[in-house]
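Residue-level structural notes
The lines below spell out each chain.
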Amino acid sequence: MRNPRRTLLAAMATAGALTAVAACGGGSDSSASGSGSGKSGGTYNFWDPYPQFDASSAWGKLVGKCGTDAGVKVKRTSMDTTDLGNKALLAAQQGNAPDVMLVDNPVVSTLVEAGILNKTSDLGLDTSSIQKNILGAGVIDNASYGVPIGANTLALYYNKKILAAAHVDPASVKDWASLTAALKKVKSAGKKGITFSAINTEEGSFQFLPWFWGAGGDLTKLNSAKGVAALSLWKQWVDGGYAPKDVLQNTQTTSWQEFATGEYAFSENGTWQLGNADKAGFPYGVINIPGQNGGSAPVPTGGEFVTVPVQKDSSRYDVSKKIVTCLTNSANLLTTDTTLTYVAPTAAVQAQQVEKNPELKPWVGAVAAARGRTSDGLGTKYPTISQPMWTAVQNALSGGKSPQAALDAAQTAAGKG
């Protein structure tokens with residue numbers, strides 16, 4: 001039998017390696033500990049990674065209403081994503097985990113490994129209508145451990161004016177060759193090509209994955225010819241002046257700020273930038289990231305899962321289930337995912353979203369092609385792969401190593417993880 005304390009400490013190290021890659025801003029933190037009866041009445045503790053939304057926001061009001069509808073008071077505590085994962089593990093170790101917790105999807109497997117989340121089947125939560133690839137990030141050994149609130153992912157924004165001036169039809173971008181040809185035309189027209197994030201954090205891995213997966217890469221074989229092809233593509237762009245050298249330091253936010261100057265033709269960025277795109281001051285469009293030989297590349301899913309941590313008093317689960325069901329029913333998902341600029345996890349709500357906002361149509365397609373970073377049985381192995389991968393990207397783009405040598409080193413490091 002594994003030492004529970006050792007498992008928790010190892011899981012904390014894993015959670016610390018996974019940072020937020022989406023639109024959840026940093027913010028304040030306050031402590032919370034569980035108390036109250038498991039029957040109606042009492043206080044139920046709820047943690048989320050949305051400190052940008054206060055109690056007066058639509059999200060804050062929904063959380064409170066779901067508690068009221070369940071006959072209890074919900075004490076909501078918000079903190080940034082990494083802090084939440086670490087504090088969840090500590091709270092579990094101390095026996096005072098919150099009743100309901102919203103966590104970034106790669107962290108689910110870490111919390112399951114630590115033994116602190118309930119299966120949705122044990123709670124009687126229905127996940128049958130959830131899109132399987134979105135649910136997949138929370139499935140470990142064929143069991144689901146949470147209900148996704150929605151998903152965000154990556155696509156390519158483009159500046160219509162720049163492409164028109166360079167005589168590039170965005171519909172012609174169907175694979176890597178046609179995208180590179182478009183970048184060449186843009187550069188010849190005196191404009192800048194593409195901006196993205198290749199920073200040495202999880203954000204860099206998140207942005208590299210569509211190209212890695214789009215070549216048919218396998219995360220357990222980083223240095224395969226397919227992985228090398230993806231890294232060589234990025235290196236070709238940087239060396240050729242199609243992408244700026246500062247991608248090595250760019251976060252997704254600073255990369256977006258470059259695109260927002262109106263000087264770049266393309267930006268790899270996320271669903272969460274739609275509001276900023278509308279304010280950019282120039283006409284834009286969105287296309288899916290192409291695979292090496294055509295089609296939409298698989299993109300990583302971002303977004304959070306509503307989970308129910310293990311409690312000493314199992315009678316509390318009935319109310320927790322009511323809160324989770326309230327937060328994830330169709331009517332509330334539409335409101336929440338509109339607020340977060342997320343794509344809903346069910347086809348029915350996705351259709352409502354696109355009807356209200358046609359700009360979401362390409363994002364629904366991108367999410368349909370997406371996959372979880374911890375899916376395919378990777379679970380808690382993912383961070384031990386991701387860090388060597390982003391290090392390889394840094395080494396190759398900086399010129400320190402060839403793409404092959406960089407990924408050879410990454411594969412060796414991942415094998416020791």
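Below is a short write-up of the structure. As the structure is a prediction and not an experimental result, all values here were calculated from the model.

Along the backbone of the protein chain there are 18 helices and eleven strands. Here the C-alpha atoms of the protein chain give a radius of gyration of 21 Å, agreeing with the 22 Å that 2.2 N^0.38 yields for 417 residues. Based on the C-alpha atoms only, the size of the protein chain along its principal axes is roughly 70 × 50 × 35 Å. Out of the 417 residues in the protein chain, the part that is buried amounts to 56%. Look at the contacts in the protein chain between residues 6 or more apart in sequence, and 78% of them connect residues 24 or more apart. Of note, the protein chain has its 36 positive side-chain charges centred 2 Å away from the centre of its 31 negative side-chain charges.

Further remarks concern the environment of Val168. Along the chain, the position of Val168 falls in the loop between α7 (160-165) and α8 (176-188). As a C-alpha pair, Val168 and Ala182 span 14 residues in sequence and 6.1 Å in three-dimensional space. Dropping the residues within four chain positions of it, Val168 is found in contact with Leu163, Ala182 and Lys185.

With that out of the way, let us pick up the packing of helix α17 (residues 382-397) against helix α18 (residues 403-416). Two elements in contact, α17 and α18, have axes whose closest approach is 8 Å; the angle formed by their N-to-C orientations is 160°. Classified by the interaxial angle, the pair formed by α17 and α18 is roughly antiparallel. Helix-helix and strand crossings are classified by hand; for α17 and α18 the assignment is right-handed. Contacts between α17 and α18 involve Thr384, Ile385, Pro388, Met389, Ala392, Asn395 and Ala396 from the former and Pro403, Ala406, Leu407, Ala410, Ala413 and Ala414 from the latter. Its residues assigned to classes, the contact of α17 with α18 comprises eleven nonpolar, two polar and no charged.

On to the environment of Ser205. The residue Ser205 is located in helix α9 (residues 202-214) in this model. For Ser205 and Asp169, which are 36 residues apart along the polypeptide, the C-alpha to C-alpha distance reads 29 Å. Excluding residues within four positions of it along the chain, Ser205 makes contact with Tyr382, Ser386, Met389 and Trp390.

Turning to the pattern of salt bridges, a few remarks are in order. One pass over the structure, following the stated rule, counts seven salt bridges. With a closest N to O distance of 2.8 Å, Lys65 and Asp69 form a salt bridge. With a gap of four residues between them, Lys65 and Asp69 both fall in helix α2 (residues 58-69), about one helical turn apart. Residue Asp69 is classed as exposed on the basis of its relative accessible area, which comes to 51%. In this structure, Asp239 engages Lys235 in a salt bridge whose closest nitrogen and oxygen atoms are separated by 3.2 Å. One end of the pair is Asp239 and the other is Lys235, both in helix α10 (residues 225-239) and four residues apart, which spans about a single turn. Taking relative accessible area as the criterion, Lys235 reaches 18% and is therefore assigned buried.

Another aspect to go through is the sheet that holds strand β6 (residues 147-148). The five strands are arranged β2-β1-β3-β11-β6 in an open sheet whose pairing can be described as mixed. Each of the sheet's edge strands pairs with one partner strand only, and the pair in question is β2 (73-78) and β6. Sheet topology note: the strand β1 (residues 43-48)/strand β3 (residues 100-104) ladder contains two bridges and is parallel. Across the sheet, the residue bridging to Trp47 is Met101, located in β3.

With that settled, the discussion passes to the nonpolar core. Ranked by size, the top nonpolar core spans 57 residues in total, and within it Trp211, Leu219, Leu222, Trp234, Trp237 and Phe266 carry the most contacts. Beyond its immediate sequence surroundings of up to four residues, Trp237 is in contact with Leu179, Thr180, Leu183, Ile194, Phe196, Trp211, Tyr242 and Ala243. One finds Trp59, Leu84, Val103 and Leu334 within the second-largest nonpolar core, a separate group that totals 53 residues.

Glancing now at the packing of aromatic side chains. Scanning the entire structure with this criterion turns up 15 aromatic pairs. With centroids separated by 5.2 Å and ring planes inclined at 55°, the aromatic side chains of Trp256 and Phe259 adopt a geometry described as tilted. One end of the pair, Trp256, and the other, Phe259, are both in helix α11 (residues 252-260), three residues apart, so they sit about a helical turn from each other. Of the residues examined, Trp256 reaches a relative accessible area of 5% and is grouped as buried. Counting every residue linked through ring pairs, the aromatic cluster contains Trp176, Phe196, Phe208, Trp211, Phe212, Trp234 and Trp237. Directly above the aromatic system of Tyr44 lies the positively charged group of Arg316, at a separation of 4.1 Å from the ring centroid. Sitting over the face of the ring of Trp213, Arg371 holds its NZ or CZ atom 4.7 Å from the ring centroid.

Definitions and limits used
Residues numbered from 1 in each chain as written. Predicted model: local features only at pLDDT ≥ 70, side-chain atom pairs only at ≥ 80, totals over all residues. Heavy atoms only, no water. Helix = DSSP H or I, 4+ residues; strand = E, 2+ residues; numbered from the N terminus. Rg over C-alpha atoms; globule rule 2.2 N^0.38 Å. Buried < 20%, exposed > 50% of the residue type's maximum accessible area, 1.4 Å probe, protein only. Contact = heavy atoms within 4.5 Å. Lys, Arg positive; Asp, Glu negative; His and termini not counted. Charge placed at Lys NZ, Arg CZ, Asp CG, Glu CD. Axes fitted to C-alpha atoms, helices over the stretch in contact; angles between N-to-C directions. Parallel < 35°, antiparallel > 145°, perpendicular 65-115°, else oblique. Left-handed = near helix turned anticlockwise from the far one by under 90°. Nonpolar A, V, L, I, M, F, W, Y, C, P; charged D, E, K, R; others polar. Salt bridge = Lys/Arg side-chain N within 4 Å of Asp/Glu carboxyl O. Pairing = 2+ DSSP bridges. Core = buried A, V, L, I, M, F, W, Y, C linked by side-chain atoms within 4.5 Å. Phe/Tyr/Trp six-rings, centres within 6.5 Å; stacked < 30°, edge-to-face > 60°. Lys NZ or Arg CZ within 6 Å of the ring centre and 35° of its normal.

Interpretation in functional terms is not warranted from these geometric data alone.
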